[in-house]
Each structure stands twice: as C-alpha cells, then as structure tokens.
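# Structural features, examined
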Amino acid sequence: MAGRYATAVFDLARETNAIDAVKADLDRFDALVAESPDLMRLVRSPVFSANEQLQALSAVLDRAGIGGLAAKFLKLVAAKRRLFAVRDMITGFRELVAEYKGEATAEVTVAEQIKDDHVAALRAALKAVSGKDVDLAIKIDPATIGGLVVKLGSRMVDTSLRTKLNAIRHAMKEAR
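Reference entry: report on the structure contained in this document.

Analysis parameters
Each residue is numbered by its place in its chain's sequence as written, counting from 1. Predicted model: local features are reported for residues with pLDDT of at least 70 only, side-chain atom pairs are reported and counted for 80 or more only, and whole-chain, interface and lining totals are derived from all residues. Hydrogens and waters are ignored; side-chain quantities use all the structure's heavy atoms. Counting from the N terminus, the helices are DSSP H or I runs at least four residues long and the strands are E runs at least two residues long. Exposed residues in this analysis have more than 50% of their type's maximum accessible area, buried residues have under 20%, and partly exposed residues fall in between, with area computed by a 1.4 Å probe over protein chains only. Residues are treated as being in contact if the distance between any of their heavy atoms lies within 4.5 Å. Two strands pair if DSSP finds at least two bridges between them. To obtain an axis, a line is fitted to C-alpha atoms, over the contacting stretch when the element is a helix, and the angle between two such axes runs from 0 to 180 degrees between their N-to-C directions. A residue counts toward a patch only above 30% relative accessible area and without a salt bridge, and it is joined to like-charged neighbours within 9 Å or, for Val, Leu, Ile, Met, Phe, Trp and Tyr, to nonpolar neighbours within 5 Å. What sets the accessible areas is the Shrake-Rupley method with a 1.4 Å probe; for residues, cover comes only from the shown protein chains. A pairing counts as a salt bridge when a side-chain nitrogen of Lys or Arg comes within 4 Å of a carboxyl oxygen of Asp or Glu. Residue count minus one, scaled by 1.5 Å, sets the expected span of a helix. This arc corresponds to the set of directions leading from the helix axis out to the C-beta atoms.

A few words now on the overall build of the chain. When its secondary structure is counted, the chain shows 8 helices and 4 strands. If one aligns the C-alpha atoms of the chain with their principal axes, the spans along those axes are about 65 × 40 × 30 Å. Split into buried and exposed, the 176 residues of the chain put 32% on the buried side. In the chain, 67% of the contacts between residues at least 6 apart in sequence involve partners at least 24 apart.

Another aspect to go through is the sheet that holds strand 3 (residues 148-152). With mixed pairing, 4 strands are arranged side by side in an open sheet as 2-1-3-4. Two strands bound the open sheet, and with one partner strand each, they are strand 2 (133-140) and strand 4 (155-158). Averaged over all pairs of adjacent strands, the angle between strand axes in this sheet comes to 15 degrees, irrespective of strand direction. Two strands pair when backbone bridges link them, and strand 3 and strand 4 are joined in this way by 4 bridges, in the antiparallel orientation. For Leu152, the partnering residue across the bridge sits in strand 4 and is Arg155.

Quick look at a nonpolar patch on the surface now. A cluster of nonpolar side chains, namely Ile145, Leu161, Leu165, Ile168 and Met172, defines an oily patch on the protein surface of about 480 Å² accessible area. Here Leu165 shows up in helix 8 (residues 161-175).

Turning our attention to helix 1 (residues 2-15). Under the 1.5 Å per step criterion, the end-to-end length of helix 1 is 20 Å for 14 residues, consistent within 8% with the ideal 20 Å. For helix 1, every residue scored as buried is listed here: Ala2, Tyr5, Ala6, Val9, Phe10 and Ala13. The buried residues of helix 1 occupy an angular sector of 130 degrees when the element is viewed end-on, so they sit on one face. Opposite the buried face of helix 1, by more than 90 degrees, sit the exposed residues Arg4 and Glu15. For helix 1, the elements touching its buried residues are helix 2 (19-35), helix 5 (68-79) and helix 6 (86-101).

Encoded structure:
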C-alpha cells in the first residue's frame, strides 16, 4: 500500500515539476515525526479518529510551513486512515526520486557528528565506487564507539570499533 501512495505522489510531483519541493517538505515532516513522540503517537495510534488526526496534522503542517502538494498528500493520507504508514510512503517516495535522478542513497552510521569536509570526502568516495551521485543519510549511534558503518544498496562496510571489539572478544573466547 505504501508503494502505491508513494508512486501516486511522485507522479503528481513530476507532472507539476515539484519533485524537489515535495521531497523537502516530506523530509521535513518525517524529521518532525522522528523527533516528536507525541506526533509519532498521533501518526501510529488507531485511537484517534480520522477527523482528529486531520485537525492535528493541519496544525502541525501550518506551523512547520509545509504546504502545497506535500500538505495535500499528507491530509489525504490522514483522511483515508493510512497515516500509520506515512513514514513508509515517504521512504518509497525518496527511493523513487533517487531512481529518477540517478542517485544512490547510502546509510552511514557514526559515533558522533562528522565534519563537513569528511562528509564531502565520503560522498566523493562513494560516488567513485557506485558511479552515481550519492545522498547520505547519516545516523549518529554512540554505541558504534568509533569508525563508521556504510550501507550502499546491497553492500555494507562495517569499520566500527564495536564490531572490531566483538570480533576480538569472540576470538578470545575460542582461544580458551
């Protein structure tokens, strides 16, 4: 179901030459949902009626400055009682945009925020490997301790200290 909605909003955005604007608005909404437990509960909980979700969502969209096609799409999803799957719809939309633009998305997990020049170097290295422009989705996970984990398509490179320490621990257990 999420794929159908993502395809529909992508087709509308392409027809109106608003792909970048819709993507920016949907990314902003997705970030709001990820940051706010209350908004996450509104989106995920079946307790709220469609009307209650629509009213609350309208207020959130107005305050966040999200309008146009993205706002209409999100309101339609709420009216159709499909708001629980909106994050999957946004993910599907991002994938369609990346395919349309010939981009690849890499998920990068690091222990702490990395500097802009390191981000640029990582993006350039991944572009050299994949042959496509690479959009980075950077997650911060202090449990990685150091290093980074990169997922690009079906490939994954894990150079985190956590993984290396676990390998050492496993080797030491086998040596006993």
